[in-house]
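Inside the fold
Residue strings, one per chain:
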Amino acid sequence: MVQRQFPKPVELLELMQFKKPELNGTKRRLDAAFTIADLRTIAKRRTPKAAFDYTDGAAEGETSLARARQAFEDVEFHPDVLRPAENVDTSVEILGGPSALPFGIAPTGFTRLMQTEGEVAGAGAAGAAGIPFTLSTLGTTSIEGVKAANPHGRNWFQLYVMREREISYGLAKRAAEAGFDTLQFTVDTPVAGARLRDKRNGFSIPPQLTLGTIVNAIPRPWWWIDFLTTPKLEFASLSATGGTVGDLLNAAMDPTISYEDLEIIRGIWPGKIVIKGVQNVADAKRLIDHGVDGIILSNHGGRQLDRAPIPFHLLPTVVREVGKDATIMVDTGIMNGADIVAAMALGAKFTLIGRAYLYGLMAGGRAGVDKTIEILRSEIERTMKLLGVASIAELEPRHVTQLTRLAPMPRSDA
């Protein structure tokens, strides 16, 4: 028989603990975000469709991006029990310097279109967190502006070889003079991928006011206020704008880039040089033979060749073939700290995040980028503790199994 009684006022008061309301809208939004997917939801709500889709989208059917993300989801971890890891060390040494976490911020183009603080927010957050920040050739903040935002942290520069070679050479020299320590020479963009969301949205650089954009802006006036009341977008590498991103890339990029360009850039750049956009083992071997300091396995976030190889699937083979001779890094599809742990366990020396950073930027500017890093840091630390490893160096291939949904058919020339 259940014994009942009248509730006691004192006991009721103990249950009635009201949370103090948060009046800062940005903090209130970010406090409700627990994952990168949560930040994406906030970003989509606050950003005009064309700008959000430019960030969120990929090439053609977006198959490459979907497969890259699925590859990380298809991971099985193998934890060790009774292996205390109360305090974990997430720091790594990468390309001659430290990083407090096993990831850095990847280069992203036209970043101030996502949110007006742009690269300044990303560089400042990276510096505060003790991780590298990479400025894109197509960035919307100058090399010197990024250095000012992250004066004591590690800044990297991503370089495209343009039709007008002197533009590229000049940018590399400026970055070296500003103290950037690593150059990411990107080789997977001889022409622009078919980014169909941009075409369907009529997305241009700079954005144009049309009936569609005005209607879409009505519930997001803050974005247009920021865009119209802050300095005009400046592109150090583009002499003209007006057109889709694909139009601008095709006008600027040179499909004839070759190993000769690599040799010239190697002669210009005094620091570390890594090649971004490697997608097979043979190219990895050739590049190491040419003396580069590292390679980034990447299919450009799925934004170039659709149905391209999945970087995370390539990782174990490339590490086995050339890992002893060079630094192997990976990007594309990373949306969780556990993705980063899995990549490090399979031999990556470092990882890079792009969209995850931009979702935070769109959700809350600098505070949103800080939130992105905080979420990933928490997920990395928790995953490591649950695996029973106290440092990144303790992660091994035995901790991870890559499950696969796509098994290749035998080739006729095999």
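Residues numbered from 1 in each chain as written. Predicted model: local features only at pLDDT ≥ 70, side-chain atom pairs only at ≥ 80, totals over all residues. Heavy atoms only, no water.

The name given to the chain in an unreviewed UniProt entry is Alpha-hydroxy acid oxidase, and the organism recorded there is Microbacterium aquilitoris. Under Sequence similarities (unreviewed entry), UniProt gives the following word-for-word description of the chain: "Belongs to the FMN-dependent alpha-hydroxy acid dehydrogenase family." If you open the UniProt record of the chain and go to Cofactor (unreviewed entry), you find "FMN". (UniProt positions renumbered as here; feature names shortened; annotations may be inferred.)

**A word on the nonpolar core**
Counting 113 residues, the largest nonpolar core has Phe103, Phe157, Phe180, Ile295, Leu297, Phe312 and Val318 as the members making the most contacts within it. If one sorts the elements of this core by residue count, helix α17 (residues 355-387) sits on top with 14 residues. In this structure, Phe103 is in contact with Ile131, Pro132, Ile340, Phe350, Thr351, Ile353, Ile373, Leu376 and Ile380, ignoring residues within four places of it in sequence. (Core = buried A, V, L, I, M, F, W, Y, C linked by side-chain atoms within 4.5 Å. Buried < 20%, exposed > 50% of the residue type's maximum accessible area, 1.4 Å probe, protein only. Helix = DSSP H or I, 4+ residues; strand = E, 2+ residues; numbered from the N terminus. Contact = heavy atoms within 4.5 Å.)

**Topic: a nonpolar patch on the surface**
On the surface, Leu12, Leu13, Leu15, Met16 and Phe18 cluster together into a nonpolar patch covering about 610 Å² of accessible area. Tracing the chain through its elements places Leu15 in helix α1 (residues 9-15). (Patch = residues over 30% accessible without salt bridge, like charges linked within 9 Å, V, L, I, M, F, W, Y side chains within 5 Å. Areas by Shrake-Rupley, 256 points an atom, 1.4 Å probe, with all protein chains shown as cover. Salt bridge = Lys/Arg side-chain N within 4 Å of Asp/Glu carboxyl O.)

**What about the environment of Val88?**
With respect to the element layout, Val88 can be found in the loop between β1 (75-77) and β2 (92-94). When the C-alpha positions of Val88 and Leu15 are compared, they lie 36 Å apart, and in sequence the two are 73 residues distant. Aside from chain neighbours lying at most four places away, what touches Val88 is Glu381, Met384, Lys385, Val389 and Ala390.

**Side note on the pattern of salt bridges**
Pairs may arise between side chains of opposite charge once their charged atoms sit close together. Overall, the coordinates contain 21 salt bridges when judged by the stated rule. A salt bridge links Glu144 to Arg174; the shortest N-O distance between them is 2.7 Å. You can see Glu144 sitting in helix α7 (residues 143-149) and its partner Arg174 sitting in helix α8 (residues 165-177), a full 30 residues away along the chain. A relative accessible area of 40% places Glu144 in the partly exposed class. Judged by its relative accessible area of 29%, Arg174 is partly exposed.

**Describing α8**
Taking 1.5 Å per residue as the helical rise, α8 with its 13 residues ought to reach 18 Å, and the 19 Å between its terminal C-alpha atoms agrees with that figure. Considered for burial, the residues of α8 that qualify are Arg165, Ser168, Tyr169, Leu171, Ala172 and Ala175. Down the axis of α8, the buried set is contained in an arc of 160°. They therefore lie on one face. Turned more than 90 degrees from where α8 packs its buried face, Glu166 and Glu177 sit exposed. Its buried side turned inward, α8 meets α7, β6 (155-159) and α13 (259-268). Of the residues trailing α8, Gly179 is marked for its positive phi of about 90°. (Expected span 1.5 Å × (residues − 1). Arc of directions from axis to C-beta.)

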